[in-house]
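Examining the three-dimensional arrangement
Residue strings, one per chain:
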Amino acid sequence: MKGAQEDAPRSHSCASGSEASVGSARGPKVGPPEEVEDCGRSPEAASKKLCGYLLKFGGKGPIRGWKSRWFFYDERKCHLYYSRTAQDANPLDSIDLSGAIFDCKADAEAGTFEIKTPNRVITLKAPTKQVMLYWLQQLQMKRWEFHSGLPAPPAAPDTAPAGNGPALHVELEQEEAELEEFLCPVKTPTGLVGAEAALQPVPAMTLGLQNISLKHLGTEIQNTMHTIRGNKHTQGTSLGPLMEESPQGGEQPSTPDSSAPGKEPADSPKPAPKSSLPASLPQKTKHQSNTFPFFSEGLVRNRTAQEKVVALEQQVLMLSKELKSQKELVQILHKALEAAQQEKRASSAYLAAAEDKDRLELVRHQVRQIAELGQRVEALEQERESLAHSVSLREQEVQELQEHVQLLMDKNQAKQQVICKLSEKVTQDFTQPPDEPHSPPYPADRDLLSQQERMEHLKDDMEAYQTQNRFLNSEIHQVTKIWRKVAEKQKALLMKCAYLQARNCQVESKYLAGLRRLQEAKADECSELLRQFIQEALQWEAGTASVDSAELSPISEYDEYGFLTVPDYEMEDLKLLAKIQALEVRSHHLLELEAVERPLQQRWAALGELTPSAELKQLLRTGVPHEHRPRVWRWLVYRRVQHLHTPGCYQELLSQSRACEHPATRQIELDLNRTFPNNKHFTCPTSSFPNKLRRVLLAFSWQNPTIGYCQGLNRLAAIALLVLEEEESAFWCLVAIVESIMPAEYYSKTLMASQVDQRVLQDLLSEKLPRLMAHLGQHHVNLSLITFNWFLVVFADSLISDILLRVWDAFLYEGTKVVFRYALAIFKYNEEAILQLQDGLEIYQYLRFFTKTICDSRKLMNIAFNDMNPFRMKQLRQLRAAHRERLEAELRELELLKAKYLERQAPRDDTRPEGGASEDEGEGDA
């Protein structure tokens, strides 16, 4: 029956909670969410909440020290809130545990631990070591729950998600099991944490003012006023209904009914009326802060009348102490107010004075007051010194007394030891036979006892350090797992961001392609609108975007090597194509950033000393990252020219070029200004690259007199300079390409080897791409007009910089076979687009710029090194030898024809009349 009576208020509170939830569904929710949550929970569930009293070290000046605070963990925000008491309506502050770490030191005071956040370090102190370990373990678990994505407890068990719950609980159980390997789980301290801790009295402090937070003085005053109003309201509305309900509702009365002396109160139980729960409690809960949930309603609901009386007495005691501290605070504020008022009166009198004499008199009065205050300060200082002297004397006396007490304690301990030894000796004399040896002498026993005592202390210290070590290991383990989880989330977000940026680039490129198609349609009525759209599309976002703005089109004006991302063509049609191509390149780069580029960078970073191998060959074909390319190219160049390289050779060639002018100097000067007009390093007037390029080309002209200088060498040396940056390294790179990688006579005056390679390319195209070659032959297209420059400068003028440098990565390692592979791959990449063109002039116009439309470097690489297989070097040598013989025969035949022509022309020159006037002479006479 008693249980039924106790359940009545609970059922009523749940009913009221359900009514509140229905009301919240109809209108806006006013009360805190804890009203509905506590309704569906049992007292056991409420007691499992992480809350309790701890001491927090803080404050400034004379009130700095330990302060008693009520701590409460909020699962929704992973914050640990704290206030002065459990009944306060608003928290003083909170601690963000999502990025915090926990620490406990073995040499610190018992129960002390620290919470270290990125902004501050909070020192807390628990009543016992067990409570400290319990708090640390629970805070660790709460932090792990928050980072594991465990949702906050639902309002009702039926509404909890059925899919994610079991998996999350299994994960938490695994984490608890892993933590148990480091530190055994601590049992919940009864009465010190949870809802029961709120019933305990507030830990008393030595000074009432010490427990007040001056930093949050406004919150302290609000909490005090709220507590006073709540207590008055509770005394008027809570105790009254309890006394009135006893004769009506069958509740347990505090005194038996005088009208029925033989009848017990529990004999006739009746259901509790709806008005049994005080109406003030839900209202009081609604006034509380939504960010700081409490247990006030649940605690009052479960208390008995005796517990309520005890709680009220404790509240009265607490409020009396608080009132005393508030009075002290008011006195301090009164003194400050009086000083401010005096200063105000003096200032107003000074301003109200009409003449300078009056003002001077006021100033003199203030000076006299200052002098008096100075004298008072000196007197107080003397008094303070005398008090300090007396305190020092008292401290000396206390120290002497302590030493005397310690001496007496040592004597007492020695006497106790002597008594123990004598009693043991007497016992042994009674128990042992006379012939047994006597016990050891007293000094040895004393040493043994001191050693045993030291061993006990060492065991205690060892146990403390072992506990600290186990906890720190568990903390390191959990923080490492949290860091890995955060890193995975960050990686997923970066991949998502890259994907969104890539999609944005694709959409923008499609928009530009649509504008281009509309422009080609030449709609007269929309020509002005299209021109406006094109101008807006060609404007750079990078020029107007701020540094902090989150732009989804992060295309910079120049790439890492100074090339324009969108070349500045004169024709609008080519400008649109360049912008579309830049967007497509950016899109492919972003999509491959996480899946391809980052693993590739990791492989290059893990690669130690470079040695020729199949793995290195594959890595070079894939492309060298920007930060590793200079080192790799220097190694590749050194492999090619190590038989030619001599120390100081480059400096000797430079001094020779300064001493004597080379015949090719004029042509070099002309080509310097035509080198990469779309690169800022060769177009900026203040750049040092043109001078470096001039010196490299002059040094090479003296290094190889048979070639001297050939048009195209300036582009090869410029690419080497952009990557290697050093003149001498770029010089040896040019030497490696011309004298080691390329065949002989590739850059001679006749360009014999270059012409041979063009014929070899025609044969390979007929073998690998027969449909394309048949189509080009049908329209009489001569590909050597397009491809000759590809081979001469290794695509320097044709491909975009990102793809170009990947081609050079493999070219410097494998040689000219890479050039053939990529030439075939370029035609294969655009084969379908070329086959759709049905006019020779259109084909020539398309082939003039079609290499710039290649955006997907991975696709081009796969075509070059996979789709073009088999591609044997033996076959390439055979084709070169055969075409060289044919070309040499053709050149010999041309020489014979030239010689015959000169023989026929010689007699005609002899028979030419001498008096004939030339055209120039005739014009002069006229």
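Whatever comes next refers back to the structure up there.
Since the model is a prediction, treat every value here as computed from it, not as a measurement.

Notes on the overall build of the protein chain
Across its full length, the protein chain holds 34 helices and 7 strands. Residues classed as buried in the protein chain amount to 37% of the 926 residues present. Taking the intrachain contacts of the protein chain between residues at least 6 apart in sequence as the baseline, contacts between residues at least 24 apart amount to 71%. Just so you have it, the protein chain exposes about 55000 Å², and 55% of that area is on carbon and sulfur atoms.

Here's the deal with the sheet that holds strand β4 (residues 93–96)
If you trace the 7 strands from one edge of the open sheet to the other, you get β4-β3-β2-β1-β7-β6-β5, paired in antiparallel fashion. Every interior strand has two partners, whereas the edge strands, β4 and β5 (101–103), have only one. Going from strand to strand, the sheet's axes swing by 35° on average, the running direction of each strand aside. With 5 bridges joining them, strand β2 (residues 65–74) and strand β3 (residues 79–83) adopt antiparallel strand pairing. Within β3, the position partnered with Tyr73 by the bridge is Leu80.

Things to note about the nonpolar core
Within the largest apolar cluster, 117 residues are counted, with the highest numbers of intra-cluster contacts made by Leu713, Ile737, Tyr747, Phe795, Phe827 and Leu847. Not counting chain neighbours up to four residues away, the residues in contact with Phe827 comprise Leu765, Leu769, Leu772, Leu783, Thr787, Trp790, Ile834, Leu847 and Phe850. Counting residues in each nonpolar core, the second largest holds 27 residues, with Leu124, Val131, Leu139 and Phe471 among its members.

A few points about the pairing of β2
Taken across its 10 residues, β2 has 9 buried, putting it largely inside the fold. Across 8 bridges, the pairing between strand β1 (residues 51–58) and β2 is antiparallel. In the sheet register, Leu55 faces β2, and the bridge partner there is Ser68. What sits between β2 and β3 in their antiparallel hairpin is a turn of 4 residues, with Cys78 showing a positive phi close to 55°.

Side note on the packing of aromatic side chains
Using the criterion set out here, one finds 19 aromatic pairs in the structure. Clustering of aromatic rings is evident, with ring pairs tying together Trp790, Phe795, Phe827, Tyr846, Phe849 and Phe850. Over the ring of Trp66 we find Lys125, and its NZ or CZ is 5.6 Å from the ring centre. The aromatic ring of Phe689 is capped on one face by Lys692, whose charged end is 5.2 Å from the ring centroid.

Definitions and limits used
Residues numbered from 1 in each chain as written. Predicted model: local features only at pLDDT ≥ 70, side-chain atom pairs only at ≥ 80, totals over all residues. Heavy atoms only, no water. Helix = DSSP H or I, 4+ residues; strand = E, 2+ residues; numbered from the N terminus. Buried < 20%, exposed > 50% of the residue type's maximum accessible area, 1.4 Å probe, protein only. Contact = heavy atoms within 4.5 Å. Areas by Shrake-Rupley, 256 points an atom, 1.4 Å probe, with all protein chains shown as cover. Pairing = 2+ DSSP bridges. Axes fitted to C-alpha atoms, helices over the stretch in contact; angles between N-to-C directions. Core = buried A, V, L, I, M, F, W, Y, C linked by side-chain atoms within 4.5 Å. Phe/Tyr/Trp six-rings, centres within 6.5 Å; stacked < 30°, edge-to-face > 60°. Lys NZ or Arg CZ within 6 Å of the ring centre and 35° of its normal.

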